[in-house]
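# Results of the structural survey
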Amino acid sequence: MKQIKAIRKRMHQPAGRTIHPDQFQDFVLVRYGLTLKKRLRGIDKETVQRFLQELLVVTPIDQTWALPTILRATLRSIGNKVPYQFYRIVTKEWTEVQHFLQREIPAVPLENRILVTDPVSDNQLQEIVSAELAGNTMVEMVHDNPAMQKIVTDEPYTTLQTNLLNDGKIDWQKVAAVSTPIHFDPEVAEDAGTRQWLEQLIKE
């Protein structure tokens, strides 16, 4: 909260003024802290914030935001830096996150406003997230194994994705089963705060 207050003070703008593109990420994260974050519970607060931070890093601000493309790009950038529980929380909270993006991003007072288009349907969400989970699993399976890398094709990847779904919905028990042997290690974190968050996340 101290960080948010400091950013708000630094970014205060008289009515009708625009902000510089360099202030965009801070502006959106302040809006998150003032709105959506207050409605989330427990570890979901930090998890969604970290998802938004990654989204803001990988998404240019000088274009129309097509949400399916942005969601795929963000999850692909995150990859195996987080355990599967991260994906479960993002999936659970996606409706709220999407509403936040649709409401807040076009309202950011940039000189050239951003248009947010193509909301992600629930079917698209399940497909996009399951595809990334399957891809992450395959990457871990062939990691440091050149022989396996040569024989892996798109077929086992798509088969795994299909197996993670049950009636078009991600079966998180199946995801847990294929993820358990991989054994995510929180020690990969870049700092103590991230490590603490990851340690909490893998217990969810």
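What this report covers is the structure whose coordinates are included nearby.

Calculation notes
- Residues numbered from 1 in each chain as written.
- Predicted model: local features only at pLDDT ≥ 70, side-chain atom pairs only at ≥ 80, totals over all residues.
- Heavy atoms only, no water.
- Core = buried A, V, L, I, M, F, W, Y, C linked by side-chain atoms within 4.5 Å.
- Buried < 20%, exposed > 50% of the residue type's maximum accessible area, 1.4 Å probe, protein only.
- Helix = DSSP H or I, 4+ residues; strand = E, 2+ residues; numbered from the N terminus.
- Contact = heavy atoms within 4.5 Å.
- Polar contact = N/O pair within 3.5 Å; in protein donor to acceptor, adjacent residues only side chain to side chain.
- Expected span 1.5 Å × (residues − 1).
- Arc of directions from axis to C-beta.
- Phe/Tyr/Trp six-rings, centres within 6.5 Å; stacked < 30°, edge-to-face > 60°.

The next thing to look at is the nonpolar core. Among soluble globular proteins, nonpolar side chains are generally buried collectively. Phe-51, Trp-65 and Leu-101 are the most contacted members of the largest nonpolar core, which totals 53 residues. Residue assignment for this core shows that the elements contributing at least two residues are helix H2 (24-34), helix H4 (44-58), helix H5 (67-78), helix H6 (84-104), helix H7 (122-142), helix H10 (172-179) and helix H11 (192-201). Here this core takes nine residues from H6, the largest share from any one element. Apart from residues lying up to four places away in sequence, Phe-51 is in contact with Leu-71, Thr-74, Leu-75, Ile-78, Phe-86, Val-90, Trp-94 and Val-97.

With respect to the helices, strands and loops of the structure, Glu-54 is situated in helix H4. Within polar-contact distance, the side chain of Glu-54 engages the side chain of Ser-77 at 2.5 Å. For Glu-54, the contacting residues outside a window of four places in its chain are Thr-74, Ser-77, Ile-78 and Lys-81.

The terminal C-alpha atoms of H5 lie 16 Å apart, and with 12 residues this matches the ideal 16 Å at 1.5 Å per residue to within 8%. Among the residues making up H5, those that are buried are Leu-67, Pro-68, Ile-70, Leu-71, Thr-74, Leu-75 and Ile-78. Burial along H5 is one-sided: seen end-on, the buried residues are contained in an arc of 165°. Of the exposed residues in H5, the ones pointing more than 90 degrees away from its buried face are Thr-69 and Arg-76. One or two residues past the end of H5 sits Gly-79, with phi positive at roughly 50°.

The geometry of an aromatic ring pair is captured by the separation of the ring centres together with the interplanar angle, meaning the angle of the planes. Per the counting criterion, the structure on display carries five aromatic pairs. Relative to Trp-197, the ring of Phe-86 lies with its centre 6.1 Å away and its plane at 85°, an arrangement referred to as edge-to-face. Taken together, the residues span a long stretch of sequence, with Phe-86 in helix H6 and Trp-197 in helix H11 at a distance of 111 residues. Given the relative accessible area of 1%, Phe-86 is considered buried.

What follows deals with the environment of Leu-165. Residue placement: Leu-165 occurs in strand S3 (residues 165-166). Judged by relative accessible area, Leu-165 falls into the partly exposed class, the value being 24%. The spacing of Leu-165 and Glu-127 is 38 residues in sequence and 8.6 Å in space, taken between C-alpha atoms. Aside from chain neighbours lying at most four places away, what touches Leu-165 is Gln-126, Ser-130, Ile-170, Asp-171 and Lys-174.

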